[in-house]
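Take a look at the letters that make up each chain.
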Amino acid sequence: MVKIFNTMSGAKEDLPHKDELHLFVCGPTVYDFSHLGHARTYLAFDIITRYLRSRGKKVEYLQNITDIDDKIIERSKTQKISWKRLARDFEKAYKADMKSLGITAVSIYARATDFIPEIVAQVRTLIAKKNAYEIPGDGWYFDLTTFPDYGKLSHRTAAQANDSMSRIDASDKKRNAGDFCLWKFSKKDEPSWKTELGTGRPGWHIEDTAISEKFFGPQYDLHGGAVDLKFPHHEAEIAQQESASGKKPFVRIWMHAGFLLINGEKMSKSLGNFTTIRDFLNRHNADTLRMMIASHHYRSPINYTDELAEQAKASLQRIAHFRARLRLIRKAGTISPLVENGILQAKEKFTKSMDDDFNTPDALAALFELMNSLETSFWNLTRPEARALEAFYEEMLALLGFSAQKAPSVPREIAQKAKEREAFRIHKQFIQSDAIRKELDALGYSIEDTPAGPLVLRK
Ligand SMILES: [Zn+2]
């Protein structure tokens, strides 16, 4: 039974009892390369979705792409290209980054500007219901006094709403400080759509609800995003959709992924600690990032340091080493109750941890504990036991989305050299065997002499 922490209620709740689940996660604004903070959120929801699917749920995972907004317009002006060129280029870069990270769980990407009719229709509904008003020459705004529930997710009030306003929502003619823009009339030379609302472009919050209503209807199961979107963005989504449909709750369970800090500080261009996914992948591989993310609970903050990346890499190497040694085992025999129970217990702990609000650190701990428990008697393992263990680790790592699901193999010429070295070693020709060891070392491989023969590993 999967339980999920619902930001709305502040408690863990049962996953809705349905075979098919609708999940919406706020996507990127495509005006620059995605950074490690984005990677954190999207890797977390990739793992969560993979897990739900492994538990037999059909998960429809929808993500919007904000391809029109102030930042896009500004950046395209400074770069002297069209907003569309800029947005399409960074959308492509975003999808390429997701692919490099092995993020494959998203079912549908929906671009804001492909849903202008749906956005206009939702704003018109809000106008008809008197939730929205016009500021002539500026745009259509949501009137917060018409939605007394505002603040129920973040426990903040409309009066506090002004501190996280974006520029598009700024106007001194608003009825209330926290009122936000639904549709912005365009100024000269700005991108615009000619609609019944007037010539202009959508506000930020309205695209999500117009898109999610189009695919999922006015109510759905799970909404995710980074924790900093809780206010005002997610409050605005609730205000829009619940006002438009009259149905509550808009979303059954609200999920928020924690912050990612860099060396204890918030990532920002001005601090010079802005780390893109591409920067990271120039220095480490995608599995290292996934391990870093998975070793934290998705709601906890992560403090990214070089040391943390090294720790993640070391964890992956321990697993790779363990699996490589399993493949050397040739001893005939059967599967002992010790190993059989060990695998069963590890699997049980893994599942129990993941069922408990996707506790990936505890799930990973189950994998390491089983490895530790077998350490002292490792070379007594039989071939069938080694096979069962190998299958278990392959399954669990695949479930979490790691790419190195198969134990890495070594090229034939390297294996051949290792064999030659072993022959020298057996005949105590140590000068020759050491020479080969050094040669392999220079090629990036290490040799470990085990009771089952030499183990060659990529360093
Ligand atoms: Zn959003």
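Treat the numbers as computed from the prediction; the structure is a model and nothing was measured. (Residues numbered from 1 in each chain as written. Predicted model: local features only at pLDDT ≥ 70, side-chain atom pairs only at ≥ 80, totals over all residues.)

A.B. asks: How should I be thinking about the sheet that holds strand β6 (residues 132-135) in this particular structure?
C.D. replies: Note on sheets: strands pair through backbone hydrogen bonds, and any given pair is parallel or antiparallel. Sheet architecture is open: 5 strands sit in the order β6-β7-β8-β10-β9, paired in antiparallel fashion. Edge positions in the sheet fall to β6 and β9 (193-195), since each of these pairs with one other strand and no more. The sheet shows a mean angle of 40° between the axes of neighbouring strands, direction not considered. In this sheet, strand β10 (residues 198-202) lies alongside strand β8 (residues 181-185) in antiparallel orientation, the contact comprising 3 bridges. Counterpart to Trp-183 in the pairing with β10 is Pro-202. (Pairing = 2+ DSSP bridges. Helix = DSSP H or I, 4+ residues; strand = E, 2+ residues; numbered from the N terminus. Axes fitted to C-alpha atoms, helices over the stretch in contact; angles between N-to-C directions.)

A.B. asks: Help me understand the nonpolar core, please; the structure alone is not making it clear to me.
C.D. replies: Soluble globular proteins tend to bury their nonpolar side chains together. Residues Leu-43, Val-123 and Leu-182 are the most contacted members of the largest nonpolar core, which totals 104 residues. In terms of residues, this core owes the most to one element, helix α1 (residues 36-54), which gives 10 residues. Here this core gathers at least three residues from each of two domains, domain 1 (3-257) and domain 2 (281-399). Leave out the neighbours within four places in its chain, and Val-123 touches Ala-132, Trp-140, Leu-182, Trp-183, Leu-197 and Ile-206. (Core = buried A, V, L, I, M, F, W, Y, C linked by C-beta atoms within 7 Å. Buried ≥ 20, exposed ≤ 12 C-beta atoms within 10 Å, placed from the backbone. Domains from an automatic or database assignment. Contact = placed C-beta atoms within 7 Å.)

A.B. asks: Please explain the environment of Leu-364 as it appears in this structure.
C.D. replies: Following the sequence through the fold, Leu-364 ends up in helix α11 (residues 360-374). A C-alpha to C-alpha distance of 9.1 Å links Leu-364 and Met-396, two positions 32 residues apart in sequence. Leave out the neighbours within four places in its chain, and Leu-364 touches Ala-294 and Ser-295.

A.B. asks: What am I meant to see in the domain arrangement of the chain here?
C.D. replies: How big an interface is tends to be stated in terms of the accessible area lost upon association of its parts. The domains assigned to the chain are domain 1 (3-257), domain 2 (281-399) and domain 3 (412-458). Between domain 1 and domain 2, the contact holds 19 residues from the first and 17 residues from the second. Residue assignment for the side of domain 1 that touches domain 2 shows that the elements contributing at least two residues are β1 (3-6), α1 and β12 (251-257). Here the side of domain 1 that touches domain 2 takes 10 residues from α1, the largest share from any one element.

A.B. asks: Can you walk me through the pairing of strand β17 (residues 453-458) in this structure?
C.D. replies: Side chains on a regular strand alternate between the two faces of the sheet. By the bridge criterion, 6 bridges tie strand β16 (residues 445-450) to β17 in an arrangement that is antiparallel. Bridge assignment links Glu-448 to a residue of β17, and that residue is Leu-455. Count of turn residues in the β16/β17 antiparallel hairpin: 2 residues.

A.B. asks: I tried to follow unusual backbone geometry on my own but got confused; where do I start?
C.D. replies: Note: most residues except glycine have negative phi, and most peptide bonds are trans. A cis amide bond links Phe-231 to the next residue, Pro-232, at an omega of 0°. With respect to the helices, strands and loops of the structure, Pro-232 is situated in helix α6 (residues 230-245). Backbone geometry at His-155 places phi at a positive 60°, although glycine is not the residue there. Assignment of secondary structure puts His-155 in the loop between β7 (139-142) and β8. By C-beta crowding, His-155 is classed as exposed, having 11 other C-beta atoms within 10 Å.

A.B. asks: Even after reading the chapter, I still don't get the pairing of β8, so can you show me in this structure?
C.D. replies: For β8, the tally of buried residues reaches 4 of 5 residues, placing the bulk of the element in the interior. Bridge analysis of β7 against β8 gives 3 bridges, and the strand direction is antiparallel. Across the sheet, the residue bridging to Trp-140 is Trp-183, located in β8.

A.B. asks: Help me understand the environment of His-297, please; the structure alone is not making it clear to me.
C.D. replies: Mapped onto the secondary structure, His-297 falls in the loop between α8 (286-294) and β15 (302-304). Along the backbone, His-297 and Gly-225 are 72 residues apart, and their C-alpha atoms lie at a distance of 15 Å. Those residues in contact with His-297 that lie beyond four places of it in its chain are Asn-359, Thr-360 and Pro-361.

A.B. asks: Before we go on, may I ask you to explain the packing of helix α13 (residues 412-426) against helix α14 (residues 430-442) in this structure?
C.D. replies: Angle between the axes and distance between the axes: these two values describe a pair of packed helices. One can describe the packing of α13 onto α14 by two numbers: an axis separation of 8 Å at closest approach and a directional angle of 155°. Judged by the angle between their axes, α13 and α14 are roughly antiparallel. The way α13 lies across α14 gives a crossing that is left-handed. Residue-level inspection shows Ile-414, Lys-417, Ala-418, Glu-420, Arg-421, Phe-424 and Arg-425 of α13 in contact with α14, the latter providing Gln-432, Ser-433, Ile-436, Arg-437, Glu-439 and Leu-440. The class makeup of the residues in the contact of α13 with α14 is 5 nonpolar, 2 polar and 6 charged. (Parallel < 35°, antiparallel > 145°, perpendicular 65-115°, else oblique. Left-handed = near helix turned anticlockwise from the far one by under 90°. Nonpolar A, V, L, I, M, F, W, Y, C, P; charged D, E, K, R; others polar.)

A.B. asks: Looking at this structure, how should I read helix α12 (residues 383-399)?
C.D. replies: Given 3.6 residues per helical turn, the α-helix brings residues three or four places apart onto the same face. For α12, with 17 residues, the first-to-last C-alpha span of 24 Å sits near the 24 Å given by 1.5 Å per residue. All buried positions along α12 are accounted for by Glu-385, Ala-386, Leu-389, Tyr-393, Met-396 and Leu-397. Projected down its long axis, α12 shows its buried positions confined to an angular sector of 105°, all on one face. Tucked inside the fold, the buried residues of α12 contact α9 (306-326), α10 (337-355) and α11. (Expected span 1.5 Å × (residues − 1). Arc of directions from axis to C-beta.)

A.B. asks: Can you help me understand the packing of helix α4 (residues 116-128) against α6 in this one?
C.D. replies: Close contact between α4 and α6 brings their axes to 9 Å; oriented N to C, the two are set at 70°. If you check the angle between α4 and α6, you find them roughly perpendicular. Handedness of the α4/α6 crossing: left-handed. Residues Gln-122, Thr-125 and Leu-126 of α4 form the contact with α6, whose own contacting residues are Gln-240, Ser-243 and Ala-244. Residue composition of the contact of α4 with α6, grouped by class: 2 nonpolar, 4 polar and no charged.

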